[in-house]
Amino acid sequence: MNFDLITENNHLWAVRYDESNDNVLDSILDQWNDVVWLRSFFKQNIEDLAAYFKITDVNQAIYDTIEDSDRLQCLIMDISPEANLDRIFRPLENGRDSEMLLGKEKARLHNTPKHSSLLRIYAIRLEPGIYIITGGAIKLTRTMQERQHTLAQLTKMEQVRNYLLDNGIVDMDSFLDYQQEIN
């Protein structure tokens, strides 16, 4: 497992899993802009799409996903050095109101014109304002446990969190020490 720097200020990183050439942020953004992949995904999940979002037109879902992906990418990638990532990422558990060591977080668009955004980016919070992206998904159900593709994202978050803990990484200082050690 490696970690790619996303922003120059060391505030945003993305996991590059051992079996992959790209980090997860690049992979999910590519996937969310791949019309063929999106068409297949939405056809396989049309019942969830219709039930939860009231969308029955696969083409509309594809269009909305690509549009939301572009907006989310701009939000994530066009961050000024003084931007506060804590405004973008929120606790994964909606009811969590206390800080957690290496907390599991999610980012999504708010104020989308037609319906809530389908897209989620998942991350581990190293410390306030500093995140490691672990993956992302098109979320079509109320909870992540309801579908295999979102459940897989929960598993990845837990694997990354355990990897960090196993390597003594609990904050930015220990993360940078680890990065320096492996390079």
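1. A few points about the environment of Asp34
Structurally, the position occupied by Asp34 is in the loop between α1 (24–32) and α2 (35–44). Asp34 sits 31 residues away from Thr65 along the chain, and the two C-alpha atoms are 10.0 Å apart. Looking at Asp34, its side chain comes within polar contact range of the main-chain nitrogen of Val36, at 3.1 Å.

2. Describing the confidence of the model for the chain
A residue-level look at the chain finds 95% of positions with pLDDT of 70 or above and a mean pLDDT of 91. Mean pLDDT in the chain bottoms out at strand β3 (residues 89–91), which sits at 90, and peaks at α2, which reaches 98.

3. Digging into the packing of α1 against helix α4 (residues 58–77)
One way to put it is that α1 packs onto α4 with a least axis distance of 9 Å and a crossing angle of 155°. Relative to α4, the element α1 is oriented roughly antiparallel. Here α1 and α4 pass one another in a crossing that is left-handed. Facing α1, whose interface residues are Leu25, Leu29 and Trp32, α4 presents Thr65, Ile66, Ser69, Leu72, Gln73, Ile76 and Met77. Tallied by class, residues from the contact of α1 with α4 come to 7 nonpolar, 3 polar and no charged.

4. Some remarks on α1
Looking at α1, one finds that the buried residues are Val24, Leu25, Ile28, Leu29 and Trp32. For α1, the angular spread of buried residues about the axis comes to 125°, placing them on one side. Against the buried residues of α1 lie β2 (12–16), α2, α4, β5 (119–127) and β6 (130–138). At the N-terminal boundary of α1, the capping side chain belongs to Asn23, with an oxygen 3.0 Å from the backbone nitrogen of Leu25.

5. A few points about the pairing of strand β1 (residues 2–5)
Along a regular strand, successive side chains alternate from one face of the sheet to the other. As defined by bridge partners, β1 adjoins β2 across 4 bridges and the pair is classed as antiparallel. The residue of β2 that forms the bridge with Asn2 is Arg16. The turn linking β1 back onto β2 is made up of 6 residues, and Asn10 within it adopts a positive phi angle of 65°.

Definitions and cut-offs
- Residues numbered from 1 in each chain as written.
- Predicted model: local features only at pLDDT ≥ 70, side-chain atom pairs only at ≥ 80, totals over all residues.
- Heavy atoms only, no water.
- Helix = DSSP H or I, 4+ residues; strand = E, 2+ residues; numbered from the N terminus.
- Polar contact = N/O pair within 3.5 Å; in protein donor to acceptor, adjacent residues only side chain to side chain.
- pLDDT = per-residue confidence, 0-100.
- Axes fitted to C-alpha atoms, helices over the stretch in contact; angles between N-to-C directions.
- Parallel < 35°, antiparallel > 145°, perpendicular 65-115°, else oblique.
- Left-handed = near helix turned anticlockwise from the far one by under 90°.
- Contact = heavy atoms within 4.5 Å.
- Nonpolar A, V, L, I, M, F, W, Y, C, P; charged D, E, K, R; others polar.
- Buried < 20%, exposed > 50% of the residue type's maximum accessible area, 1.4 Å probe, protein only.
- Arc of directions from axis to C-beta.
- Pairing = 2+ DSSP bridges.

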